[in-house]
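Chain by chain, the residues:
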Amino acid sequence: MSSKLIAPSILAADFANLQRDIEMVNKSDADWFHIDIMDGVFVPNISFGMPVLQAIAKHAKKTIDVHLMIVDPDRYIKTFAELGSDVLTVHYEACTHLHRTLQAIKTEGMKAGVALNPHTNVNLLEDTINDIDLVCIMSVNPGFGGQSFIENTYNKVSQLKELITRKGASTIIEIDGGVTNKNAKMLVDAGADVLVAGSYVFKSSDQIETVKDLKKQANS
Ligand code: DX5
Ligand code: ZN
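What you see is a predicted model, and the numbers here were worked out from it, not measured in a lab. What you see as residue numbers is a count from 1 along each chain, following the sequence as written. For this description, chains carry letters from A and ligands carry numbers from 1, given in the order in which they are written. In keeping with the predicted nature of the model, local features appear solely for residues at pLDDT of at least 70, side-chain atom pairs appear and are counted solely at 80 or more, and the whole-chain, interface and lining totals rest on all residues. Here the side-chain values reflect all heavy atoms present in the structure, with hydrogen atoms and water set aside.

**Q** Would you explain the UniProt feature "binding site: substrate" (unreviewed entry) in the chain in this entry?
**A** UniProt positions are given in the numbering used here, feature names are shortened, and annotations may be inferred rather than shown by experiment. According to UniProt, the positions carrying the feature "binding site: substrate" (unreviewed entry) are Ser9, His67, Gly143, Phe144, Gly145, Gly146, Asp176, Gly177, Gly178, Gly198 and Ser199. Strands here are runs of E lasting at least two residues and helices are runs of H or I lasting at least four, both read from the DSSP assignment and numbered beginning at the N terminus. Mapping serine 9 onto the fold places it in the loop between strand S1 (5-8) and helix H1 (18-27). Buried means the residue's accessible area, taken with a 1.4 Å probe over protein chains only, is under 20% of the maximum for its type, while exposed means over 50%, and partly exposed covers the values in between. Residue class for serine 9 comes out buried when judged on its relative accessible area of 5%. Leaving out residues up to four positions away in the same chain, serine 9 has contacts with His34, Asp36, Val196, Ala197, Gly198 and Phe202. By definition, residues are in contact when any of their heavy atoms lie within 4.5 Å.

**Q** I tried to follow the pairing of strand S5 (residues 111-116) on my own but got confused; where do I start?
**A** Every other side chain in a regular strand lies on the same face of the sheet, so the side chains alternate between the two faces. Of all six residues in S5, five are buried; the element is thus mostly enclosed. Bridge count between strand S4 (residues 87-91) and S5: five bridges; the pairing is parallel. For threonine 89, the partnering residue across the bridge sits in S5 and is glycine 113. After leaving S4, the chain enters helix H4 (residues 98-107) and then returns to the sheet as S5, a path that is right-handed. Two strands qualify as a pair provided DSSP detects at least 2 bridges between them. A crossover counts as right-handed when, viewed with the strands pointing away from the observer, the path leading from the first strand over the helix to the second turns clockwise.

**Q** Can you help me understand the pairing of strand S7 (residues 172-176) in this one?
**A** Extensive coverage of S7 is indicated by the burial of five of its five residues. Of the pairings in the sheet, the one linking strand S6 (residues 134-138) to S7 comprises five bridges and is parallel in character. Residue pairing across strands places cysteine 136 opposite glutamate 174, the latter belonging to S7. Here three bridges tie S7 to strand S8 (residues 194-197), and the two strands are oriented parallel to one another. Among the inter-strand pairings, aspartate 176 is bridged to a residue of S8, identified as valine 196. In the classification by handedness, the crossover that spans S7, the intervening helix H6 (residues 184-190) and the parallel S8 is right-handed.

**Q** Looking at this structure, how should I read the packing of H1 against helix H2 (residues 50-59)?
**A** Each pair of packed helices can be described by the angle between their axes along with the distance between the axes. Axis definition: a line fit to C-alpha positions, over the contact stretch in the case of helices; interaxial angles, taken between N-to-C directions, run 0 to 180 degrees. Interaxial distance between H1 and H2 falls to 9 Å at its minimum, and their mutual angle equals 45°. By the criterion of interaxial angle, the relationship of H1 to H2 is oblique. Note on packing geometry: the crossing formed by H1 with H2 is right-handed. Along the contact surface, H1 presents Leu18, Gln19, Ile22, Glu23 and Asn26, while H2 presents Val52, Ile56 and His59. Angle categories: roughly parallel below 35 degrees, roughly antiparallel above 145, roughly perpendicular from 65 to 115, and oblique for all the rest. Left-handed describes a crossing whose near helix is turned anticlockwise from the far helix by less than a right angle; the clockwise case is right-handed.

In structure tokens:
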């Protein structure tokens, strides 16, 4: 992928001013909306559910990238398609029949993503990589925004890039957790295509400028 993408994570937005924050993303240099759905079972936190996504989708003018941190995600594939998800990412650790889940996501007209927890080896995707549109490498343990970036992520990105090249796959690589202007360029140099950033964008004083700078770093 030539241009590297920035995906602000709405988890870090001000939910009392959600429309304002969505319009900020629409207006900014960001490429995608990253939407975190947590069920309090797969991860020790609950974020928000369908009515909130529906409200976001009503105003969002860019690709909607949904990251499901839930057990048994197959139950909701159709629902997320109907709500307007363009990319639907499930966790490797939450799927018993990953291949079937990927096919079901594509049947609903969405791009199929697989997220890997920090402890999950990228080579476990050896037999499915050609069926995966996006791999989301978690650079923090999923469940919360604002955590510190795990340095081993660079190794995982390089290993995954090597696997994708070796298998002739067209999978893109997304990084999620602790992304800032300090690690953006190194992540892209290791092979990342999409950078998710929550706290770094929404807690900054000039969000538009922060997104612009991150995009510049990622494409430098
Ligand atoms: C964590 C979520 C992330 C989170 C990233 O479980 O998947 O998308 O919002 O937030 P930051 O950028 O603050 O680490
Ligand atoms: Zn996420």
